[in-house]
Amino acid sequence: MEFSLKTSKMQEFINITNQVREVVRKSGIKNGLAVIFIPHTTAGITINENADPDVVRDMIATLDKVYPVKGDYWHMEGNSHAHIKASLMGSSCSVIIEDGDLKLGTWQGIYFCEFDGPRTRKFYVKILNG
Ligand code: ZN
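Description of the structure in this document. (Residues numbered from 1 in each chain as written. Predicted model: local features only at pLDDT ≥ 70, side-chain atom pairs only at ≥ 80, totals over all residues. Heavy atoms only, no water.)

**Considering the pattern of salt bridges**
Summed over all chains, the structure comprises seven salt bridges. Its salt-bridge partner being Arg21, residue Asp101 comes within 2.9 Å of it at the nearest N-O pair. With a gap of 80 residues between them, Asp101 in strand 6 (residues 101–102) and Arg21 in helix 1 (residues 17–27) connect regions that are remote in the sequence. Among the ionic pairs, Glu98 bridges to Lys103, the shortest N-O distance being 3.1 Å. Judged by its relative accessible area of 35%, Glu98 is partly exposed. (Salt bridge = Lys/Arg side-chain N within 4 Å of Asp/Glu carboxyl O. Helix = DSSP H or I, 4+ residues; strand = E, 2+ residues; numbered from the N terminus. Buried < 20%, exposed > 50% of the residue type's maximum accessible area, 1.4 Å probe, protein only.)

**Quick word on the pairing of strand 3 (residues 32–37)**
Note that strand 3 and strand 5 (residues 92–98) share six bridges and pair antiparallel. By the bridge assignment for strand 5, Ala34 is matched with Val95. (Pairing = 2+ DSSP bridges.)

**Observations regarding the side chain of Gln11**
In this fold, Gln11 is placed in the loop between strand 1 (2–6) and strand 2 (12–15). Within the structure, the side chain of Gln11 is placed 3.0 Å from the side chain of Lys85, a separation counted as a polar contact. Residue contacts for Gln11: discarding those within four places in its chain leaves Ile60, Asp64, Val69, His81, Lys85, Glu114 and Phe115. (Polar contact = N/O pair within 3.5 Å; in protein donor to acceptor, adjacent residues only side chain to side chain. Contact = heavy atoms within 4.5 Å.)

So this is what it looks like as structure tokens:
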């Protein structure tokens, strides 16, 4: 299943857990694996805390400190920081499905990570039975 989302900032994390959960429910699959894939080179995906939004703020701020927007980069498009951050977060994640739901920890959320926005982005969700 393909999803489209519009990011509104240069860098932001968007919680997509509910959309993934909905795909799992509609699939009717009770046990298996949900794979979420991001088809971009300057956006990624990660699982982290869903309770305190300051966690996301701190992650972006710290990534920026280590990989600043302007730095000693050669890539002429000028968005090397975003390519690096996207690779660090990764382009896919998998979550176990048990009893028809994502087996996430209480405080875990799945985040689409924008590093070169705002843009219209995509992500894919594939449900595997097993
Ligand atoms: Zn680039």
